[in-house]
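Overview (structure and organization)
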Amino acid sequence: MKKWPNTQQSQECEIKEFIRLYKIFAHGRDFVIEESQREKPDYIVKDVATGEKFGVELTSTYLNDRSVPDVHKKDGFKEIPYCPNEINLYKNRIIKKIKGKIEKAQKGYNTDCPLILSIFANEYIAIHMEDSDWSTFAKENKQVLDLMHPFIEIVIWSWRGRVFSIRNSA
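Predicted model only: the values in this text are computed from it and were never measured.

Here the focus is the side chain of S165. Tracing the backbone through its elements, the reader meets S165 in strand β6 (residues 163-167). A polar contact of 2.5 Å, which involves the side chain of S165, links it to the side chain of E153. With residues up to four places along the chain from it excluded, the contact list for S165 reads F25, H27, E153 and I154.

A few words on the nonpolar core. Core analysis: the biggest nonpolar cluster contains 26 residues, and I98, W134, F151, I154, I156 and I166 have the highest contact counts within it. Taken together, the elements giving at least two residues each to this core come down to α3 (84-108), β4 (115-121), α4 (131-140), α5 (142-145), β5 (151-157) and β6. Among the nonpolar cores identified, the runner-up in size contains 17 residues, and F18, F25, F31 and L58 belong to it.

We now examine the sheet that holds β6. The strand order across the open sheet built from six strands is β1-β2-β3-β4-β5-β6, with neighbouring strands paired in mixed fashion. At either margin of the open sheet sits one strand with a lone partner, and together these are β1 (31-36) and β6. Across this sheet, the average inter-strand angle for adjacent strands is 30°, counted without regard to direction. With five bridges joining them, β5 and β6 adopt antiparallel strand pairing. Note on β6: the bridge partner recorded for V155 is S165. The sheet contacts of α3 involve β3 (53-61), β4 and β5, and relative to β3 the element is tilted by about 140°. Where α4 meets the sheet, it contacts β4, β5 and β6, and its direction lies at approximately 25° from that of β6.

Attention now goes to the packing of α3 against α4. In contact at an axis separation of 12 Å, α3 and α4 are set at 55° when each is read in the N-to-C sense. Comparing the axis directions of α3 and α4 gives the class oblique. Remark: the crossing between α3 and α4 carries right-handed chirality. Counting all contacts with α3, which are made through K91, I94, I95 and I98, the residues of α4 involved are D133, W134 and F137.

Rules of the game
Residues numbered from 1 in each chain as written. Predicted model: local features only at pLDDT ≥ 70, side-chain atom pairs only at ≥ 80, totals over all residues. Heavy atoms only, no water. Helix = DSSP H or I, 4+ residues; strand = E, 2+ residues; numbered from the N terminus. Polar contact = N/O pair within 3.5 Å; in protein donor to acceptor, adjacent residues only side chain to side chain. Contact = heavy atoms within 4.5 Å. Core = buried A, V, L, I, M, F, W, Y, C linked by side-chain atoms within 4.5 Å. Buried < 20%, exposed > 50% of the residue type's maximum accessible area, 1.4 Å probe, protein only. Pairing = 2+ DSSP bridges. Axes fitted to C-alpha atoms, helices over the stretch in contact; angles between N-to-C directions. Parallel < 35°, antiparallel > 145°, perpendicular 65-115°, else oblique. Left-handed = near helix turned anticlockwise from the far one by under 90°.

Written out as structure tokens, the structure reads:
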């Protein structure tokens with residue numbers, strides 16, 4: 001079995017990768033970590049150029065509750081099969097996670113600064129998901145995503161360097 005990072009190590013890695021990938025967007029910014037919080041959101045980041053602060057809530061999403069112990073922690077995983085049914089199940093899991101985060105944020109996150117929800121698509125099958133898949137995901141879930149407040153943006157990213165932004169149009 002592989003050594004698995006603890007929550008703090010995972011979050012530190014995720015916020016650094018989020019910051020690195022966020023610069024890719026046309027609307028991207030160069031963020032630095034201002035503070036790690038005990039309350040929600042997980043981090044406050046600051047735009048290097050403007051000084052503007054944003055709250056970033058991190059979440060890592062797997063296909064199911066057994067992915068980590070049954071697949072990710074095992075050594076020797078070499079092939080990542082393309083399975084449309086599993087990808088659809090994974091998309092459903094992600095939208096469920098987004099709904100949950102929106103509900104929690106509406107009930108008590110610190111909203112002193114604009115909030116961004118970072119979704120780490122941390123499942124091996126995400127390697128098969130292209131920008132067009134995420135665009136379709138956003139269209140299919142428009143009703144939920146249009147109600148993302150208090151988040152101003154949802155950023156979905158993977159280790160493969162793929163990053164997709166859904167911005168609040170309101």
